[in-house]
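Residue-level structure breakdown
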Amino acid sequence: MTQVKSLADLRRIKENLQGKMSLRENSNNPESLVQIRVAMATCGIASGAKQVMEFFIEELDKRNIQAVVTQTGCMGYCFAEPTVEITLPGQAPVVYGYVDINKADSIIEKYIKNGELVDGIIPVNYETIQK
Amino acid sequence: MKDLSMHIMDIVQNSLSAKATMITIEIIENMDEDSYVINIKDDGIGMSREFVSTVTDPYVTTRTTRKIGLGIPLLKQNAERTGGQFTIDSEEGKGTKVKAEFIFMHPDRLPIGDIAGTVVLLCAANPNVTIHYHHVTNSGEYNFDTTEILETLDGISISEPSVIKFLKEMINENLQMIGISR
């Protein structure tokens, strides 16, 4: 039978990561990273926010985009769950609603990579465009 | 909610809103007594006696974005639907303890779902909170504690994708060893 994974294996992963860490030390300032907050209250969880959050964590890593993925509470858009707030460095946060795996994929490809807006934005403020 | 791990994620969010720094998630499967118990304890700000007595009412919530709070009522309903019980004890300044007891073999007892993924996501999203996960079955028990994980990681973030993936596999393998029911 194969050995069950233990903390000793975790130590190996840590050492491996420490090697890579120094390479990206200079980008460790959270302001310079993409920040993703997945709404995870009752409404979000019930409509699948966990899968969306796991998708973001895995895919951003695979596609080599450095980002911070965290959870937040209910933003009051329960009808549009799962909702995700994305803050690109130096920009105002944008909230996307009805985010499933496909939507999350196009958010990564279009919005996070290229800054193109994707359908399904929930307007969270009422700022007008100043001439 | 489709499974118990989603309820756990939900109740733990309440603990986090209550500024908890230490959260214990305990699942006790007792086949002999046909009982399946979920305990969630935290050291958050707690609730007053009056608030505790009203908290299972869906029209009571602390949130300000809307007037409905369904997390606790849904868990209570699912526990009671199997013939089980739901209790919540809280003391202001000390913390809160939520207990949901299900009848193990009842057809309405929800499956546990992806408990490993749930625990790991909670740890990764809240690296400053100590999370202890304890799972007991008739053939053994498993303990997962973020304190020893953070010690082992020695400065490396628990939110690193490769760490998250590893921890999920580690928990799943250990849970398989003690034969948790799905």
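Right above here is the structure, for reference.
Residues numbered from 1 in each chain as written. Chains lettered and ligands numbered in written order. Predicted model: local features only at pLDDT ≥ 70, side-chain atom pairs only at ≥ 80, totals over all residues.

**Things to note about the sheet that holds strand E5 (residues 130-137) of chain B**
Residues and elements named next belong to chain B. As a reminder, the rule being used: Each pair of strands is called paired provided DSSP finds at least two bridges between the two strands. Here a strand is any run of E in DSSP of at least two residues, a helix any run of H or I of at least four, and the numbering for each starts at the N terminus. All axes here are fitted lines through C-alpha atoms, helices being fitted over the stretch that makes contact, and every angle between N-to-C directions spans 0 to 180 degrees. This entry defines residue contacts through backbone-placed C-beta atoms, with two residues in contact when those atoms are within 7 Å.
Strand order across the open sheet formed by six strands is E3-E4-E2-E1-E5-E6, with mixed pairing between neighbours. Two strands close off the open sheet at either side, each with one partner strand: strand E3 (85-91) and strand E6 (140-145). Mean inter-strand twist for the sheet, computed between neighbouring axes without regard to direction, equals 10°. Pairing between strand E1 (residues 22-30) and strand E2 (residues 35-42): eight bridges, direction antiparallel. Its bridge partner lying in E2, Thr 24 is registered against Lys 41. Contacts from helix H1 (residues 4-17) reach E1, E2 and strand E4 (95-103) within the one sheet, and its direction differs from that of E2 by about 20°.

**Focus: the interface of chain B and chain A**
Rules: Any residue that is not Ala, Val, Leu, Ile, Met, Phe, Trp, Tyr, Cys, Pro, Asp, Glu, Lys or Arg is counted as polar, Gly included; the first ten are nonpolar and the last four charged.
Each partner contributes residues to the interface: chain B has 33 residues there, and chain A has 27 residues. By residue number, the principal contributor to the side of chain B that touches chain A is helix H6 (residues 161-177) of chain B, which donates ten residues. Its residues assigned to classes, the side of chain B that touches chain A shows 16 nonpolar, nine polar and eight charged.

**A word on the packing of helix H4 (residues 115-125) of chain B against H6(B)**
Each pair of packed helices can be described by the angle between their axes along with the distance between the axes. All names here are of chain B. Under the convention used in this document: For any pair of crossing helices, the crossing counts as left-handed if the nearer helix is rotated counterclockwise from the farther one by less than a right angle, and right-handed if it is rotated clockwise.
Relative to each other, H4 and H6 sit at 145°, their axes nearing to 9 Å. In this structure, H4 meets H6 at a crossing whose hand is right-handed. When H4 is examined against H6, the residues Ala 116, Gly 117, Val 119, Val 120 and Ala 124 are found in contact with a partner set consisting of Ile 164, Leu 167, Lys 168, Ile 171, Asn 172 and Leu 175. A breakdown of the residues in the contact of H4 with H6 according to their chemical character gives eight nonpolar, two polar and one charged.

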